[in-house]
Number of protein chains: 2
Amino acid sequence: MSDGSAARQRTVLDWQVGFSTSAEIAPERFVPATVPGAVQLDWARATGMPDHNYADHFKQYAWMEDTFWHYRAELPPAVESDVQRLFFVCGGVDYHYVVRVGGKVLFEREGMFAPFEIDVTAYAGQAIELIVRPAPKSVDSPVDRSQANRSCKPAVSYGWDWHPRLVPLGIWRETFVERRPAAHLVDADVRYTLSDDLSSAEVRCAITTAGAEPGRRVRWRLIDPNDKVVFDISDGLSADALRARVDQPQLWWPAGEGAQGMYRSVVELLDDTGDVADQRDARIGFRRVRLVMAPDQWEYPDFFPKPRSRPPITLEINGRPIFCRGTNWVNPEIFPGTITRDKYASLLRLARGANFNLLRIWGGGIVNTPDFFELCDELGIMVWQEFPLACNNYPDDADYLRVLDAESKAIVSRLRRHPSLAIWCGGNELFNAWSGMTDQSKALRLLNRNCYDLDPNTPFLPTSPIDGMAHGNYVFRYDDGSEVFQAMPKASYTAYTEFGCAGPSPVEVLKSFIPEDELFPPRRGTAWETHHAFGAWRATDWLNVPTLEHYFGPIESLEQLVERGEWLQCEGYKCIYEESRRQKPACSMALNWCFNEPWPTAANNSLVSYPDKPKPAYHAVAAACRMTMASARIPKFQWKPGDVFEAEAWLLHDGPDAPPGVTIDVVLRLDDEDRTLATWTTGDIQPNAHQQGPTARLKLPAIASDRIVLSLQVRDQPAWTSAYVLSFKPNRAVAPSGTRTMNL
Amino acid sequence: MSDGSAARQRTVLDWQVGFSTSAEIAPERFVPATVPGAVQLDWARATGMPDHNYADHFKQYAWMEDTFWHYRAELPPAVESDVQRLFFVCGGVDYHYVVRVGGKVLFEREGMFAPFEIDVTAYAGQAIELIVRPAPKSVDSPVDRSQANRSCKPAVSYGWDWHPRLVPLGIWRETFVERRPAAHLVDADVRYTLSDDLSSAEVRCAITTAGAEPGRRVRWRLIDPNDKVVFDISDGLSADALRARVDQPQLWWPAGEGAQGMYRSVVELLDDTGDVADQRDARIGFRRVRLVMAPDQWEYPDFFPKPRSRPPITLEINGRPIFCRGTNWVNPEIFPGTITRDKYASLLRLARGANFNLLRIWGGGIVNTPDFFELCDELGIMVWQEFPLACNNYPDDADYLRVLDAESKAIVSRLRRHPSLAIWCGGNELFNAWSGMTDQSKALRLLNRNCYDLDPNTPFLPTSPIDGMAHGNYVFRYDDGSEVFQAMPKASYTAYTEFGCAGPSPVEVLKSFIPEDELFPPRRGTAWETHHAFGAWRATDWLNVPTLEHYFGPIESLEQLVERGEWLQCEGYKCIYEESRRQKPACSMALNWCFNEPWPTAANNSLVSYPDKPKPAYHAVAAACRMTMASARIPKFQWKPGDVFEAEAWLLHDGPDAPPGVTIDVVLRLDDEDRTLATWTTGDIQPNAHQQGPTARLKLPAIASDRIVLSLQVRDQPAWTSAYVLSFKPNRAVAPSGTRTMNL
């Protein structure tokens, strides 16, 4: 919803901020505040604190969680109050806050996601105060994410295995004073119902106004994606919504499936002369979203005693099942108030470039701003939106539930109009032991209730994973010595909604935050550890030197460390994505953990280094997610002379089109020699269907190289060709006992 | 809620009923109507139709589904309308109906469970009409339960594998005209919140009145189970609920766990002189109910990729986990309007006598009347209450959802005050292939929403089975030749909420509805088949002669058929119940399919024959459900000479007490000789914990008898002794090829 009325005028306030030990005690010092932003950044800037991203400097910010932060600014001068009103408009404050003028409390709220506005006409020219309480912390919790278990504050900032402990506070959303006509539009909520055959839509617009007498004229236009006016109606204000019908609406499709047709709704409040007194614009997209069962899933279970069939997780858009190639999105900044539209755009274009069509917005982080969803609408990227619950047991507590109720209603009301919004989800891993919530938890029943009441046509999941779905693993090589190459073909799930394969950040990123004397070899107790190379999940994650040394032997340099880590991350992710895709239609989703990161990590499962630098794994995953591509199922990563190499050829196709069949050469590069192991001519390619081809084999000779490269070369369609770089270990005794290994 | 006011006077109307082809066409003939009852029974009585329970006579009732039924009666004479009012009060009409006076529609509803009342003061002395539409049937459905898939009409009467096709219609609940003071109580809704430690309860009473001016005095008393007044407060009428606190409330416990303490709330509306103008009584019981995880269930899953942990299904009452020994309850009559409080009492006392503490009220049937829940409260029998959805795909259809919304709100509002009400559940087997609903189905999201809004402290399950739970099997011997003796120890579920083991009805029951010339041998196409001996589930169910002949050879007489069927049913059920119990605490529920039946079946999984005649299996199950008992895990049902017989001894104990340990002799009867195979002295018995004892073994000699009897004889506690009658087949060639078998 944007404001297009010339009758409205915004004034950005000149904010200052300081801290004290209570809401009643004025700060000793005020410093200039950037709004939106975070109190930590304001204070750091004013006092010359070092960059929180470098080394362990973030620890110097810790004290700022526990103080009261006082914002102050001066409201604009008075207006003629019977003609115009002044509104203080705020998109959100992180986290528990009160707004005062002259000591009088005008507004108080716990919760960062619901916007608010206050008529401040009577307070024009006075000082407005916005006081932010200390970060919420459950009593008796250890200093970790469990401190967030009774609030709607995203848990991630309390510390995670890829996020430092740094809890933002402050005004994080756009905030201004707006001068409006006394009679103005408050909301114009456009909803639609598509006919079963999608050939028409009934569109409704519920208009709410302030200061406008009943019967005042309103005008509503809908403009199609080609800028053609679909309808243009006007009526007197009444309690009933305006209604219209759209025949043959241009549907919104996810990327790769069709166009992202977006309509524009324009609602105008007219004055007595027919002039526009106020205006509200909104963009809507017509699409039907459902979660449906994969075709074969009703067959299970086929034995007695008999449990339920697994729940559906196949997204169907406009009647078409969609295989979701995607990723888990996390906060792109530690301080969400600093995320700009450009930042979102840069990362979302990368996501689109990776051939992703769905992002899971993980419940440990924030709910993103309108910019994010507008961009997803435009790019055709579906959004799985979680509420801010993650890896905690959020209790059946009346105070907590009251805040969750208000925040969730605000979130759903704001986002439901976006065609990209495909799934609501209660939060992350709530039904696993480390959280301890269940289907009976009131928080999740409340969220299901609110989603049903406010957006009943969008699917709701209580958490991820649910029955049939799976998270993990987060390593290339499992504790039992098996690899993703063996584990994934044995797995049988309806959706892989988290899986990780860690890799180091690029060398130049590492150098940007690790002091030079700590750079190599990586050691615990250095910036490597504070930036998650060690002790992040298990002791050796996310750098995981033992796995690197298992395959490649001792590591000699930073560059070699990074190159080897990147190699495993690339081939690991390709294996998991492609294997998940091969399991279609029983499986319908492959989302790695994770896409991006909020600060520069030393090693992480991410595909993109902070702020928006693609790692080699990004390109590997983009290749593994092409809608049409050759793909190989390969039984292991590392080979040796005498092994019978084998690879099963597939042609993957997720698109709605039916291109002609192709011929694929299965080629293995041994040193400088290309050996064609098999040639496969596929059948005609059917929409949204894969083909399984031959298994090619070769007994491996001894070669000089440390790698062999398998390529599936698609004749006449080079864009569908795939290649896999596999380890070759000519000499079993690369790292005999006694060889120097890194001292970690 | 009962009405105790002397100021109210009820008049039972004198009803007649007839049928026609529309609501606008008067019937050609009226006959006397019994209210509550069913139009079918009225018409049959008046016209001399034969008993629907005998042979296939029910088929003669089929036409009555498809006509309009017109009830008529005369309202009582006028009252002084400023002092008194006349209310037409109706507990429920089955199913879609309109109420008219003088052709004017006063009320219309689809749905049989919501009661209604109409102020008919203005129509005193006039004729009232209540017109019932034809039974609801989905268009294009076959003539089976799927016709009920767009209504809240219980699906069972459209035909089930133990219920004939016979769809009741008519006024099925108590209906009368009541003379009330013009100012009277409409509702006095008592709710409570227990403190976490259960040591006190905050009690609230929301009073609604009609015709009473604000400030009118009300008095509220709470009387404890010993008839002691806990509090006696009075106040002026206001929008706020009355509030009081109960210290150390006497808690309500399920049977076997403690007393069923029930309090009585008395609310009086006082007149100006302080006299009682109107009164509402209610009984409440204080208890806290939760579904909790079994202790070891958080450990699962312990592998990657990792799905969720199984949902909780252990009922915890007042902080104590309870193993639920119970059964599935079905309509005790085809025509629910004929179920009396005595009928409920007879069957519920049998349920209590079977050591059951929970009844699952299966979603294919009706929601029972207040009598049922009052009796369950008194007897300590917990109720798992399903909404009327079963084995159909109830659609995301606005009209259907509107009816379900109203009906479910009425059901929850009425039943939530009963301490016996332990679980709300969406309906039966909705997440299996034959239904095709999913977690996304709007009907189930709506039910979860309404239960959360109206009764948030009672657990809600979308359906049975859910993940971790199981239904079935419904046979003693599986298609693969295995038996429940092998299948159940291999199963690993959190709850067995349906399992069946069919047996024939007693000989005298069979003779009551099967014509003499059809009695033996049982054949298809006779009353055996219409009463479910054949073709009910699979071709041979529920009589299942092939299984009987597999174990016992050719059957020579009706008496022998019944005796052998009863034997299998008894031992099968004992095996399943006791094995489920041995799997505690991972498993916490064992509920057989089913307890009772709505008409006399020829063979069925039921424990009690219609109307309330216990089958031998009833007594076997009662024994298998004793709170404390010796139990044997036995690897198979049929033994032969040379087999090494074995039996694993257990002591089962579900009670909260800790009796001293006991000594158990494991004794096998071989012909007339008792051989003691082992003697086991248990440890001290811990509350709610079993003990596993020795496995006793004996190489079996040849004996003369067709059976061996294993008994676990508990010294000094004969009530805990258990016995198992197992088949012995001395000669392998009992039924050689060519032997006469029944011609079925």
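The structure this text deals with has already been given above.
Reading guide: rules and limits
- Each chain carries its own residue numbering, running from 1 in the written order of its sequence.
- In the order they appear in the text, chains get letters beginning with A and ligands get numbers beginning with 1.
- Side-chain atom pairs in this predicted model are given and counted only at pLDDT of 80 or more, local residue features only at pLDDT of at least 70, and totals for whole chains, interfaces and linings cover all residues.
- Hydrogens are left out, water is left out, and the side-chain values use all remaining heavy atoms of the structure.
- Put simply, DSSP marks the helices as runs of H or I at least four residues long and the strands as runs of E at least two long, and each gets a number from the N terminus on.
- The reference for a compact globule is 2.2 Å times residues^0.38; the radius of gyration itself is calculated from the C-alpha atoms.
- Each residue is placed in one exposure class: buried if its accessible area under a 1.4 Å probe, protein chains only, is under 20% of its type's maximum, exposed if it is over 50%, and partly exposed if it falls in between.
- The contact criterion used throughout is that any non-hydrogen atoms of two residues lie within 4.5 Å.
- Here the Shrake-Rupley method, with its probe set to 1.4 Å, supplies the accessible areas, and only the displayed protein chains count as covering residues.
- Under this rule, positive means Lys or Arg and negative means Asp or Glu; His and the chain ends count for nothing.
- A charged residue contributes its charge at one atom only: NZ of Lys, CZ of Arg, CG of Asp or CD of Glu.
- What makes two strands pair is DSSP finding at least two bridges between them.
- To define axes, lines are fitted to C-alpha atoms, for helices over the stretch in contact only, and angles between the resulting N-to-C directions are given on a 0 to 180 degree scale.
- We define a salt bridge as a side-chain nitrogen of Lys or Arg found within 4 Å of a carboxyl oxygen belonging to Asp or Glu.
- Our angle categories are set so that under 35 degrees counts as roughly parallel, over 145 as roughly antiparallel, 65 to 115 as roughly perpendicular, and the remainder as oblique.
- For this scheme, ten residues count as nonpolar: Ala, Val, Leu, Ile, Met, Phe, Trp, Tyr, Cys and Pro. Four count as charged, namely Asp, Glu, Lys and Arg, and the remainder, Gly too, count as polar.
- Aromatic rings from Phe, Tyr and Trp, with only the six-membered ring used for Trp, were paired whenever their centres fell within 6.5 Å, and each pair was classed as stacked if the ring planes differed by under 30 degrees, edge-to-face if by over 60, and tilted otherwise.
- Whether a charge lies above a ring is judged from NZ of Lys or CZ of Arg, which has to be within 6 Å of the ring centre and within 35 degrees of the ring normal.
- Polar contacts here mean pairs of N or O atoms no more than 3.5 Å apart (in protein, one a potential hydrogen donor and the other a potential acceptor; neighbouring residues in sequence count only if both atoms are side-chain atoms).
- For the least-squares superposition of copies, only C-alpha atoms count, and only for residues with pLDDT at least 70 in both.
- As used here, buried area is the combined drop in accessible area, with a 1.4 Å probe, of two parts when they are placed together.

Peer 1: In this structure, what is going on with the overall build of chain A? I would like to understand it.
Peer 2: Helix and strand counts for chain A stand at 11 helices and 43 strands. The C-alpha atoms of chain A give 28 Å as radius of gyration, which agrees with the globular expectation for 744 residues (27 Å, within 12%). Taking the principal axes of its C-alpha atoms as reference, chain A extends roughly 90 × 60 × 50 Å. The buried share among the 744 residues of chain A stands at 63%. Expressed as a percentage of contacts within chain A between residues at least 6 apart in sequence, the contacts between residues at least 24 apart total 71%. Surface summary for chain A: the accessible area is close to 26300 Å², and the carbon and sulfur share equals 48%. Charged side chains of chain A number 78 positive and 96 negative; the gap between the two group centres comes to 3 Å.

Peer 1: Explain the sheet that holds strand 23 (residues 320–322) of chain B here, please?
Peer 2: Strand pairing in a sheet is mediated by backbone hydrogen bonds. Such pairs are either parallel or antiparallel. Residues and elements named next belong to chain B. Taken in spatial order, the three strands make up an open sheet running 21-22-23, and their pairing is antiparallel. Each of the sheet's edge strands pairs with one partner strand only, and the pair in question is strand 21 (289–292) and strand 23. Taken pair by pair, the neighbouring strands of this sheet meet at an average axis angle of 40 degrees, ignoring direction. As paired strands, strand 22 (residues 314–317) and strand 23 are joined by three bridges and run antiparallel to one another. Its bridge partner lying in strand 23, Ile317 is registered against Arg320.

Peer 1: Honestly, the pattern of salt bridges in this entry has me stumped. Any pointers?
Peer 2: Any two side chains of opposite charge can pair, given that their charged atoms come close. Considering all chains together, one arrives at 108 salt bridges over all chains under this definition. Here Arg707(B) makes a salt bridge to Glu563(B), at a shortest N to O gap of 3.6 Å. Pair noted here: Arg707(B) is in strand 42 (residues 707–714) and Glu563(B) is in helix 10 (residues 558–582), with a separation of 144 residues, a long-range link. If you follow the salt bridges from partner to partner, you end up with Arg8(A), Arg10(A), Glu117(A), Glu174(A), Glu178(A), Arg180(A) and Asp278(A) in one network.

Peer 1: How should helix 3 (residues 370–379) of chain B be read in this particular structure?
Peer 2: Structural remark: α-helix, 3.6 residues per turn; residues separated by three or four positions point the same way. Three or more residues of helix 3 of chain B are buried, namely Phe372(B), Phe373(B), Leu375(B), Cys376(B), Asp377(B) and Leu379(B). Contact partners of the buried residues in helix 3 of chain B: strand 24 (324–329), helix 2 (341–353), strand 25 (358–361), strand 26 (382–386), helix 4 (398–415) and strand 27 (421–425) of chain B.

Peer 1: I would appreciate a short explanation of the sheet that holds strand 14 (residues 184–194) of chain A in the present structure.
Peer 2: Residue and element names in this part refer to chain A. Pairing is antiparallel in the open sheet, where three strands are placed in the order 14-15-18. Looking along the sheet, the strands with just one partner apiece sit at the ends: strand 14 and strand 18 (242–247). With strand direction ignored, the average angle separating the axes of adjacent strands in the sheet is 20 degrees.

Peer 1: Just to check I follow, could you spell out the packing of helix 9 (residues 545–552) of chain B against helix 10 of chain B for this structure?
Peer 2: Each packed pair of helices is defined by two parameters, the angle between the axes and the distance between the axes. Residue and element names in this part refer to chain B. With their axes 10 Å apart at the nearest point, helix 9 and helix 10 run at an angle of 90 degrees to one another. When the axes of helix 9 and helix 10 are compared, the pair comes out roughly perpendicular. The segment helix 9 lies against helix 10, with Thr547, Leu548, Tyr551 and Phe552 engaging Leu561, Arg564, Gly565, Trp567 and Leu568. Of the residues belonging to the contact of helix 9 with helix 10, the class tally is six nonpolar, two polar and one charged.

Peer 1: Got a minute to help me understand the environment of Gly215(B) in this structure?
Peer 2: Residue and element names in this part refer to chain B. Note that Gly215 resides in the loop between strand 15 (200–210) and strand 16 (217–223). For the pair formed by Gly215 and Leu404, sequence separation is 189 residues and the distance between their alpha carbons is 37 Å. Leave out the neighbours within four places in its chain, and Gly215 touches Gly236 and Leu237.

Peer 1: Looking at this structure, I do not really get the pairing of strand 13 (residues 175–181) of chain A. What am I missing?
Peer 2: Consecutive side chains along a regular strand alternate between the two faces of the sheet. Residue and element names in this part refer to chain A. Counting buried positions over the seven residues of strand 13 gives six, a clear majority of the element. Relative to strand 13, strand 6 (residues 84–90) runs antiparallel, the two being bridged by seven bridges. Across the sheet, residue Leu86 finds its bridge partner in strand 13, namely Arg179.

Peer 1: Honestly, the packing of aromatic side chains in this entry has me stumped. Any pointers?
Peer 2: Two numbers describe a pair of aromatic rings. These are the distance of the centres and the angle of the planes. Going through the model one piece at a time under the given rule, you end up with 96 aromatic pairs over all chains. Ring centres 5.3 Å apart and planes at 85 degrees place the aromatic pair Tyr551(B) and Phe637(B) in the edge-to-face group. Of this pair, Tyr551(B) sits in helix 9 while Phe637(B) sits in the loop between strand 36 (628–633) and strand 37 (638–639); the two residues are 86 residues apart in sequence, bridging distant segments of the chain. A centroid spacing of 5.0 Å and a plane angle of 25 degrees characterise the contact between Phe552(B) and Trp567(B), whose relative ring orientation is stacked. Taken together, the residues Phe552(B) in helix 9 and Trp567(B) in helix 10 connect sequence positions 15 residues apart. Its relative accessible area of 11% is what places Phe552(B) among the buried residues. Take Trp567(B): its relative accessible area is 7%, and that puts it in the buried class. If you follow Arg707(A) out to its NZ or CZ, it ends over the ring of Trp567(A), 4.0 Å from the centre. Geometry around Tyr300(B) places Arg310(B) over its ring, the cationic atom sitting 5.6 Å from the centre.

Peer 1: I keep staring at the side chain of Glu498(B) and nothing clicks. Help me out?
Peer 2: All names here are of chain B. Relative to the helices and strands, Glu498 resides in strand 30 (residues 495–498). Polar side-chain contacts of Glu498 include one of 2.4 Å to the side chain of Tyr474. When neighbours within four sequence positions are excluded, Glu498 is seen to be in contact with Asn328, Arg360, Trp362, Asn428, Glu429, Ala470, His471, Gly472, Tyr474, Leu591 and Trp593.

Peer 1: Teacher, can you tell me more about the side chain of Ser200(B) here?
Peer 2: On the secondary structure map, Ser200(B) appears in strand 15. Residues within four places of Ser200(B) in sequence aside, it is in contact with Thr193(B), Leu194(B), Ser195(B), Arg245(B), Val246(B), Asp247(B), Gln248(B) and Pro249(B).

Peer 1: Looking at this structure, I do not really get helix 11 (residues 616–624) of chain A. What am I missing?
Peer 2: What helix 11 of chain A keeps buried is the set Ala617(A), Tyr618(A), Ala620(A), Val621(A), Ala622(A) and Ala624(A). Buried residues belonging to helix 11 of chain A abut helix 2 (341–353), helix 10 (558–582), strand 34 (608–609), strand 35 (613–614) and strand 36 (628–633) of chain A.

Peer 1: I keep staring at the relation of the copies chain B and chain A and nothing clicks. Help me out?
Peer 2: The operation linking the two copies of the chain is a rotation about an axis combined with a translation along the axis. Rotating chain B by 180 degrees and moving it 0.0 Å along the rotation axis overlays it on chain A with an RMSD of 0.0 Å. Taken together, the rotation angle and the small translation identify this as a two-fold axis. For chain B, the smallest separation between a C-alpha atom and the rotation axis is recorded for Arg449(B), amounting to 2.4 Å. Taken together, the interface assignments show that 100% of the residues at the interface of chain B recur at the interface of chain A, consistent with an identical surface on both copies.

Peer 1: Would you take a moment to explain unusual backbone geometry for this structure?
Peer 2: If a residue is not glycine, its phi is most likely negative; likewise, a peptide bond is most likely trans. Between Asp94(A) and the following residue, Tyr95(A), the backbone shows a cis peptide bond with an omega angle of 20 degrees. A cis amide bond links Asp541(B) with the next residue in sequence, Trp542(B), at an omega value of 5 degrees. Looking at the secondary structure, you find Trp542(B) in the loop between helix 8 (527–530) and helix 9. With a phi close to 55 degrees, Asn688(A) is a non-glycine residue in the positive phi region. Considering the arrangement of structural elements, one finds Asn688(A) in the loop between strand 40 (673–681) and strand 41 (691–699). On the accessibility criterion, Asn688(A) (24% relative accessible area) is partly exposed.

Peer 1: Any chance you could explain the interface of chain B and chain A here in plain terms?
Peer 2: Interfaces are often described in size by the accessible area the parts lose on coming together. At the junction of the two partners, chain B supplies 52 residues and chain A supplies 52 residues. Approximately 4100 Å² of surface area, both sides summed, lies buried where chain B meets chain A, with 56% of it carried by carbon and sulfur atoms. In terms of surface lost to chain A, no three residues of chain B exceed Arg308(B), Arg445(B) and Tyr452(B), which account for 19% of the buried area on that side. There are four salt bridges connecting chain B and chain A. Inspection of the chain B/chain A interface yields 20 residue pairs in polar contact (both at pLDDT 80 or more). Breaking the side of chain B that touches chain A down by element, the ones donating at least two residues are helix 5 (442–454), strand 28 (460–461) and strand 29 (469–471) of chain B. A total of eight residues in the side of chain B that touches chain A trace back to one element, the largest contributor, which is helix 5 of chain B.

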